[in-house]
Amino acid sequence: MSLEAELAAIVGTANVITEAEALRPAVSDWRGRYSGRARCLVRPAATAEVARVVAACARHGAAMVPQGGNTGVCGGAIPDAGGREVIVSLARMNRIRGLDAANNTIAVEAGCILAEVNRAAEAAGRLFPMDLGSEGSCQIGGTISTNAGGTRVLRWGNMRELVLGLEVVLADGRVLDAMRGLRKDNAGYDLKQMFIGAEGTLGIVTGAVLKLVPRPAASATAFVALESCEAALGLIDHLRGALGDRLSAFELISAPQLEAVLAQIPGTRRPLATTAPWWVLLEAADSGAQQVLDDALEQGLMQALDAGLARDASVARSGREAQEFWRLRHSVSEANVKTGRVISHDTSVPVSRVPEFIARCSGLAGRFDGLRLHVVGHLGDGNVHMVAIFPPGQPGLDALAREVSREVHEIAAGLGGSIAAEHGVGQSLRDQLAICRSPVELDLMRGLKRLLDPQGLMNPGKVVPAG
Ligand SMILES: Cc1cc2nc3c(=O)[nH]c(=O)nc-3n(C[C@H](O)[C@H](O)[C@H](O)COP(=O)(O)OP(=O)(O)OC[C@H]3O[C@@H](n4cnc5c(N)ncnc54)[C@H](O)[C@@H]3O)c2cc1C
């Protein structure tokens, strides 16, 4: 029997897609950077079906590309050009299996959309504290497989810190059932960690038990003008003292980046009349009274202004104004794409070295004709997106892009940083991993891959560089 016939027997003919037109949205990414071809796309509806799909593909020697919401930015969910890989879509596995309010956990299938999980948590008076601009499309399995970050890592951590239990279909079709909602569990190796951030190269995530937190009753948002990014480091340190754990987001934005958003995105407006070379968008959240939080933030900001850590600040006076502030931050990618040819970077360095990283990267602007640099970053995580932009028609753009990226990555690595902070490696950074990973680390990665996927069928060509 052909593989397609076997797959149809498992999931039904309607859930094995082979026509080129129907496959089109699944074989390229939303930014149009990566495209490939697929033998077919299969849509299982339950863990047992995924297990049978994987076993069938393994018998036929067919490589599999797990796909969630296809919102990733590293080409991890896109098949290669060969037309022989099977895309395994988790879209039909979108059930919430249960919410345990007393345990503060929610058990979900991997295909649940992040926004749905957020809504379910909200209905129970809880918060699932993962905040991504893609929340309406990305799936829990995708966010786990990329170990996604976002704007609230500062307080609640990235996806790895929010996963308590996991269910994974292994490359041979066996199911690893570790769906435990335990906060303490040292019974041997913590196997689920291998699959978090593995980008589908070690198995297919089918379910997860996620951590919930009490829903904050109050939140306060402010936009702050700053003299320098060193001042931003001083400000975050000061506000952590003033607000403690309540500081939940601290986003650094350079003036050219903010100006690009204001110029390109209709309906946006300047948060403050002041001009400044650097800006911070920050948020505090608390389970106590709104007034207490407002007072604490205002007092913290006044002290910062007095101490010269900030030039000016505006606290949002309404939920609508807070949304307008956040829209400036969330419109960054759209504005940059409208500005020119974008080469974005997802680097991290120790928080203390962020100013040095930015200063060294700024030196590149004078060396490459037409290059503009926009900076946006999650400062408290040391995660800086250094966005290089060239005018659209500039000759030799591909070569220029490679050269700029290599330099940005080497600067980050030279400061003890990483070239893949929150978006993952996928196919885009695979061949550059050696910049920030030692030969021993790469050897262990290849060994793990061989152990869990001896046939090399789980998302080949992604993450793990050839040996
Ligand atoms: C507007 C916008 C804003 C974004 N903001 C952020 C941000 O702030 N921080 C951030 O970290 N990312 C951000 N992203 C990137 C993206 O949303 C995340 O990487 C997200 O985690 C990807 O989820 P997905 O379901 O779309 O996965 P996909 O893109 O479908 O897949 C991503 C990778 O995971 C693998 N995969 C998917 N599902 C599974 C599964 N069930 N089992 C095994 N492997 C699987 C795929 O093979 C691929 O390698 C943003 C994207 C957009 C479009």
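For the structure, see preceding data.
All values reported here derive from a predicted model rather than from experimental measurement.

*Asks:* What exactly am I supposed to notice about the packing of aromatic side chains here?
*Replies:* Within this structure, the stated rule accounts for two aromatic pairs. Ring centres of Phe223 and Trp279 lie 5.9 Å apart, and the angle between their planes is 65°; on these two criteria the pair is classed as edge-to-face. In this pair, Phe223 sits in strand β12 (residues 218-226) while Trp279 sits in strand β14 (residues 278-286), placing the two residues 56 residues apart along the sequence. Phe223 sits in the buried class, given a relative accessible area of 0%. Classification of Trp279 as buried rests on a relative accessible area of 1%. These aromatic residues form a ring-pair network of at least three members: Phe223, Trp279 and Phe325. The ring centre of Trp30 lies 5.7 Å from the NZ or CZ of Arg31, which sits over that ring.

*Asks:* Is there a simple way to think about the site of the ligand in this case?
*Replies:* In the vicinity of the ligand lie 33 residues, with Pro66, Gly68, Thr71, Gly72 and Ser134 positioned nearest. Between Gly68 and the ligand, the recorded distance is 2.8 Å, taken from a backbone N or O atom to an oxygen atom. In the model, an oxygen atom of the ligand is placed 2.8 Å from a nitrogen or oxygen of the Asn70 main chain. In isolation the ligand has 970 Å² of accessible area, and contact with the protein removes 90% of it. Breaking the shell around the ligand down by element, the ones donating at least two residues are β3 (64-67), α5 (140-145) and β10 (203-211). Of the residues belonging to the shell around the ligand, the class tally is 10 nonpolar, 21 polar and two charged.

*Asks:* Honestly, the packing of helix α9 (residues 229-243) against helix α11 (residues 290-306) in this entry has me stumped. Any pointers?
*Replies:* As a packed pair, α9 and α11 sit with axes 10 Å apart at the nearest point and diverge in direction by 140°. Relative to α11, the crossing made by α9 is right-handed. On the side of α9, the interface is formed by Leu235, His238, Leu239, Ala242 and Leu243, while α11 contributes Ala296, Leu297, Gly300, Leu301, Gln303 and Ala304. Of the residues in the contact of α9 with α11, the class split is eight nonpolar, three polar and no charged.

*Asks:* When you look at the pairing of strand β8 (residues 163-170) in this model, what are you seeing that I'm missing?
*Replies:* Here is the key point about a regular strand: its side chains alternate between the two faces of the sheet. Most of β8 is tucked away: eight of the eight residues are buried. Sheet analysis places β8 next to β10, joined by seven bridges and oriented antiparallel. Residue pairing for β10: Val168 is matched across the bridge by Val205. Across four bridges, the pairing between β8 and strand β9 (residues 175-178) is antiparallel. For Glu167, the partnering residue across the bridge sits in β9 and is Asp177. Here β8 hands over to β9 after four residues, with Gly173 in that stretch at a positive phi of 95°.

*Asks:* Please clarify how the pattern of salt bridges should be interpreted in this entry.
*Replies:* Charged atoms that come close allow side chains of opposite charge to pair. Applying the stated criterion across every chain yields a total of 24 salt bridges. With its nearest N and O atoms 2.9 Å apart, the salt bridge here joins Glu116 to Arg119. Taken as a pair, Glu116 and Arg119 lie in helix α4 (residues 114-123) at a separation of three residues, close to a single helical turn. Residue Glu116 is classed as partly exposed on the basis of its relative accessible area of 40%. Ionic pairing is found between Asp172 and Arg174, a salt bridge with its closest N-O pair at 2.9 Å.

The rules we used
- Residues numbered from 1 in each chain as written.
- Predicted model: local features only at pLDDT ≥ 70, side-chain atom pairs only at ≥ 80, totals over all residues.
- Heavy atoms only, no water.
- Phe/Tyr/Trp six-rings, centres within 6.5 Å; stacked < 30°, edge-to-face > 60°.
- Helix = DSSP H or I, 4+ residues; strand = E, 2+ residues; numbered from the N terminus.
- Buried < 20%, exposed > 50% of the residue type's maximum accessible area, 1.4 Å probe, protein only.
- Lys NZ or Arg CZ within 6 Å of the ring centre and 35° of its normal.
- Near = heavy atom within 4 Å.
- Polar contact = N/O pair within 3.5 Å; in protein donor to acceptor, adjacent residues only side chain to side chain.
- Areas by Shrake-Rupley, 256 points an atom, 1.4 Å probe, with all protein chains shown as cover.
- Nonpolar A, V, L, I, M, F, W, Y, C, P; charged D, E, K, R; others polar.
- Axes fitted to C-alpha atoms, helices over the stretch in contact; angles between N-to-C directions.
- Left-handed = near helix turned anticlockwise from the far one by under 90°.
- Contact = heavy atoms within 4.5 Å.
- Pairing = 2+ DSSP bridges.
- Salt bridge = Lys/Arg side-chain N within 4 Å of Asp/Glu carboxyl O.

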